[in-house]
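Each chain, letter by letter, is given below.
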Amino acid sequence: MLEGGRVESLASGRIPRKMPRVSDEVVIEVDGRPVRCAKGSSLLNALVNGGVLIGTACGGRGICHFCRVTVTGATTPVSPEEQRALGNLLVARGMRLACRVVVEAPLVVSVPPIRGKGEG
Ligand code: FES
């Protein structure tokens, strides 16, 4: 028996919860650093879980618009709320709201620095 009763899980053909399948994992490049995340997760969650400092005041509900990032790669379509929040120019430049993007494939992401109180 392996630790934590893994033998039973493997013998039954089920994959233990703590062992992600390789095909369900996506590696995104964030400011030159690889960040692994589960396929289908929100980009905001992927960044936060990867230790990336990113602004959010609404908890990922698409309200605060603090989670702006620039994304290159195959992403989910720009939502109407992103279009309204960012406008045509920023959307055309690849800017997205990280909380509205679902990671389905490798992406290259640039996260702007968080501005402090009193900064422009
Ligand atoms: S976290 Fe607030 S809009 Fe994305």
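Residues numbered from 1 in each chain as written. Predicted model: local features only at pLDDT ≥ 70, side-chain atom pairs only at ≥ 80, totals over all residues.

1. A few points about the overall build of the protein
Regarding its fold elements, the protein presents three helices and five strands. Starting at the N terminus and walking to the C terminus, you meet the elements of the protein as α-β-β-α-β-α-β-β. Scored against the burial criterion, the 120 residues of the protein give a buried share of 18%. Considering only intrachain contacts with a sequence separation of at least 6, the fraction spanning at least 24 residues in the protein is 55%. (Helix = DSSP H or I, 4+ residues; strand = E, 2+ residues; numbered from the N terminus. Buried ≥ 20, exposed ≤ 12 C-beta atoms within 10 Å, placed from the backbone. Contact = placed C-beta atoms within 7 Å.)

2. Observations regarding the sheet that holds strand β4 (residues 95–97)
Strands sit in the order β2-β1-β5-β3-β4 across an open sheet of five strands; the sheet is mixed. A strand with exactly one partner marks an edge of an open sheet, and here the two such strands are β2 (33–38) and β4. The mean angle between the axes of side-by-side strands here comes to 40°, regardless of whether they run parallel or antiparallel. Looking at chain direction, strand β3 (residues 68–72) and strand β5 (residues 108–110) are connected through three bridges and run antiparallel. Across the sheet, the residue bridging to threonine 72 is valine 108, located in β5. (Pairing = 2+ DSSP bridges. Axes fitted to C-alpha atoms, helices over the stretch in contact; angles between N-to-C directions.)

3. What about the nonpolar core?
Ile28, Leu43, Leu47 and Ala98 are the most contacted members of the largest nonpolar core, which has 18 residues in total. Listed by contribution, the elements that provide at least two residues to this core are β1 (25–30), β2 and α2 (43–49). Once residues within four sequence positions are removed from consideration, isoleucine 28 is found in contact with Val35, Cys37, Ala46, Val103, Pro106, Leu107 and Val109. (Core = buried A, V, L, I, M, F, W, Y, C linked by C-beta atoms within 7 Å.)

4. Quick word on the pairing of β3
Direction of pairing for β3 relative to β4: antiparallel, over a ladder of three bridges. Looking at β4, one finds that valine 69 is bridged to arginine 96.

5. Some remarks on the pairing of β2
Both β1 and β2 contribute to a ladder of six bridges, which runs antiparallel. Each residue of the ladder has a partner; that of glutamate 29, found in β2, is proline 34.

6. Details of the confidence of the model for the protein
Parts of the model with low pLDDT should not have their predicted coordinates read in detail. Counting all residues, the mean pLDDT for the protein is 85, and 76% of those residues have values of 70 or more. Here residues 1–10 is a poorly scored stretch, pLDDT under 50, and it has five contacts once near neighbours within four places are set aside; other chains count. (pLDDT = per-residue confidence, 0-100.)

7. What about unusual backbone geometry?
Phi at aspartate 31 is positive, roughly 50°, even though this residue is not glycine. Inspection of the secondary structure assignment puts aspartate 31 in the loop between β1 and β2.

8. Points about the environment of valine 26
With respect to the helices, strands and loops of the structure, valine 26 is situated in strand β1. With 20 residues separating them along the chain, valine 26 and alanine 46 place their C-alpha atoms 9.7 Å apart. Ignoring anything within four residues of it in the chain, the contact list for valine 26 reads Cys37, Lys39, Val103, Ala105 and Pro106.

9. Focus: helix α3 (residues 80–92)
Between its first and last C-alpha atoms α3 spans 14 Å; for 13 residues at 1.5 Å apiece the expected length is 18 Å, and the helix comes up short by more than 12%. Along α3, the sharpest kink reaches roughly 100°, centred on leucine 86. Remark: glycine 94 follows α3 within two positions and exhibits a positive phi of approximately 95°. (Expected span 1.5 Å × (residues − 1). Bend = angle between axes of the 7 residues up to and from the residue.)

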